[in-house]
Amino acid sequence: MIDYLIVILEHDCAPFCCYDVMNRNRNELISLDLLKKIVNYAIRDRLSVNFLYGGTPLSPEHEKVIAEVEHMKMAPLSHAGSYENTVFIIDGEEDLRHVRVLDGGDLNNVILRVGKDDLGSLGATVKSLIGRFKRLNVIIKDVDRFTEEAFSAYESQLEDVGAIVGEEYRKGNFVEVNVLSDRVFLTNMNNCSAGTRHLTVAPNGRLYVCPAFYYENEDNSLGDLDDRVEIKNARLLELEYAPICRNCDAWHCRRCVWLNDALTSELNTPSHQQCVLAHLEREASRKFLERVGADIGINDRVAPIPKLDYLDPFDIITNRSVSPEDRERHFAQLLSKPLEDLPVTELLRQIYRTDPKMLTRLKEQNCAVVDLEDKE
Ligand code: SF4
């Protein structure tokens, strides 16, 4: 069920995720009429809106319309100081030289976009940003360019980030850094959900699964606001229909369907790069918890993160030397880890509450019908 819209206010707006803005010189600001139509649509359907800003200052009329709907702003760093309660986006060297503009305001969520070539300084960058964010979302821009060498550079930078954030936690400064702390506190998949929880409206008035699909090709549109939106193969966006992801416990992974489509030509199949990156982060979270869990007293409040012997679940799924039963046991053990300490009766009660039919199915599997004539 869609519960929020992402609205691209101008074509050349700050990218908040792993996609790039194409044809930046073709800038097109959303018209006031279209903005009013989107805001009315959102209010009518009780949707909140994430507005993506570019560098162009908006007219007071535009801002007034934006203020009518429950929303969040995401804006380039150049707007820091002009807007409050905004997620600012740090993207590249130039922005990093100006992070001081974040000082003095409320501590907010900040997005840090990094490319494979900037990875060597990720730890130092995170350190320089401490005190300037409440939550830092590190976004890797060029996942498709990752090689084995880049994976190990990322692994070692995640170690540094773990040490830096660990120090903060010991001081009582519980900042969030998505690639490190999210997995520690999650108990289930928490992915991007493009097309299932949010849709994007572009300045051309058309709807897209997410901004990446718009920038890749405007013809990827799902229709306009007056149409009844139908996503082709919509179920492929759902976890249930993602055979690799539903067996995975890298719960913080963005599970980017645009990257899936671009790198594997399947919306529901992640690339090797995406899986390895998510598992390197998962391992960094595991070590982080090991390092600070006891010191900050959270070990009995969060589920332990089991150590894995793979970085890409696809390696296990396709490993012919592992029997299907062992594979099933392997993943079932992983996914049920946070429930291990629940008493069985409580577990069954929760299953009943979630879906009573599941109990019927479990009974069918486990309580065989007795055939009185069969003496064996
Ligand atoms: S599908 Fe989600 S994670 Fe991927 S580019 Fe779009 S918004 Fe970002």
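Because the structure is a prediction, the values reported are computed rather than measured.

Bringing the domain arrangement of the protein chain into the picture now. What the domain assignment reports for the protein chain is domain 1 (4-185) and domain 2 (231-365). Once you take the C-alpha centre of each, domain 1 and domain 2 turn out to be 27 Å apart. Of the residues lining the interface, 23 residues belong to domain 1; the matching set on domain 2 comes to 25 residues. Those elements giving two or more residues to the side of domain 1 that touches domain 2 turn out to be α5 (148-170) and α6 (178-185). By residue number, the principal contributor to the side of domain 1 that touches domain 2 is α5, which donates 10 residues. Class assignment of the residues belonging to the side of domain 1 that touches domain 2 gives a composition of 14 nonpolar, 3 polar and 6 charged.

Moving on, we come to the site of the ligand. Around the ligand, a shell composed of C17, C18, Y19, C192, A194, C210, A212, R254, C256, V257, W258 and L259 is seen. Looking at the shell around the ligand, the element that brings in the most residues is helix α8 (residues 257-264), giving 3 residues. By residue class, the composition of the shell around the ligand is 11 nonpolar, no polar and 1 charged. A domain split of the shell around the ligand shows at least three residues from each of domain 1 (4-185) and domain 2 (231-365).

Along strand β6 (residues 135-140), 5 of the 6 residues are buried, which leaves the element largely enclosed by surrounding structure. Taken together, the 6 bridges between strand β5 (residues 109-114) and β6 define a ladder with parallel strand orientation. Across the sheet, residue L112 finds its bridge partner in β6, namely V138. Note that the unit made of β5, helix α4 (residues 122-129) and β6 has a crossover that is right-handed.

It is worth spelling out the packing of α4 against α5 at this point. At their nearest, the axes of α4 and α5 sit 8 Å apart, and the two run at 25° to each other. The orientation of α4 relative to α5 falls into the category roughly parallel. Seen along the crossing, α4 lies across α5 with a hand that is right-handed. Between α4 and α5, the residues in contact are L122, G123, V126 and K127 and Q157, D160, V161 and I164, respectively. Taken together, the residues of the contact of α4 with α5 break down into 4 nonpolar, 2 polar and 2 charged.

Across 4 bridges, the pairing between strand β1 (residues 4-8) and strand β8 (residues 198-201) is parallel. Residue pairing in the sheet places L5 in a bridge with L199 of β8. In the sheet, β8 pairs with strand β9 (residues 206-208) via 2 bridges, with the strands oriented antiparallel. From the neighbouring strand, V201 faces β9, where its bridge partner is L207. Counted along the chain from β8 to the antiparallel partner β9, the turn is 4 residues long, and its residue G205 has a positive phi close to 85°.

Along its 13 residues, helix α11 (residues 324-336) runs 18 Å from first to last C-alpha, staying within 8% of the 18 Å computed at 1.5 Å per residue. For α11, the tally of buried residues reaches only 0 of 13 residues, placing the bulk of the element at the surface.

Although it is not a glycine, S193 sits at a positive phi angle of roughly 65°. Phi at R255 is positive, roughly 45°, even though this residue is not glycine. Secondary-structure assignment places R255 in the loop between β10 (223-224) and α8. Classification of R255 by C-beta neighbours within 10 Å gives buried; the count is 26.

What follows is about the environment of P243. Inspection of the secondary structure puts P243 in the loop between β10 and α8. With 12 C-beta atoms counted inside 10 Å, the residue P243 sits in the exposed group. Remark: the alpha-carbon pair of P243 and K127, spanning 116 residues in sequence, is separated by 38 Å.

What counts and how
- Per chain, residue numbering runs from 1 following the sequence as it is written.
- Only residues with pLDDT of at least 70 are given local features in this predicted model, and only at 80 or more are side-chain atom pairs given and counted; all residues enter the totals for whole chains, interfaces and linings.
- Domain boundaries shown here were taken from an automatic or database domain assignment.
- Contact criterion: two residues are in contact if their C-beta atoms, reconstructed from the backbone, are within 7 Å.
- A helix here means a DSSP run of H or I that spans at least four residues, while a strand means a run of E at least two residues long, and both kinds are numbered starting from the N terminus.
- Under the scheme applied here, ten amino acids are nonpolar (Ala, Val, Leu, Ile, Met, Phe, Trp, Tyr, Cys and Pro), four are charged (Asp, Glu, Lys and Arg), and all others, including Gly, are polar.
- In this analysis a residue is considered near a molecule or strand if the C-beta atom, reconstructed from its backbone, is found within 6 Å of that molecule or strand.
- Exposure criterion: with C-beta atoms placed from backbone coordinates, a residue whose C-beta has 20 or more other C-beta atoms within 10 Å is buried, one with 12 or fewer is exposed, and one in between is partly exposed.
- The pairing criterion is simple: DSSP has to find at least two bridges between the two strands.
- By convention, a crossover is right-handed whenever its connection, traced from the first strand over the helix to the second and viewed with the strands pointing away, goes clockwise.
- Whenever a helix is involved, its axis is fitted only over the stretch in contact; in every case the axis is a line through C-alpha atoms, and angles between N-to-C directions fall within 0 to 180 degrees.
- Working definition: roughly parallel below 35 degrees, roughly antiparallel above 145 degrees, roughly perpendicular at 65 to 115 degrees, and oblique for all remaining angles.
- Crossing chirality is assigned from the near helix's rotation relative to the far helix, an anticlockwise turn below a right angle marking it left-handed and a clockwise turn marking it right-handed.
- Expected span of a helix, by definition, is 1.5 Å for each gap between consecutive residues, and there is one gap fewer than residues.

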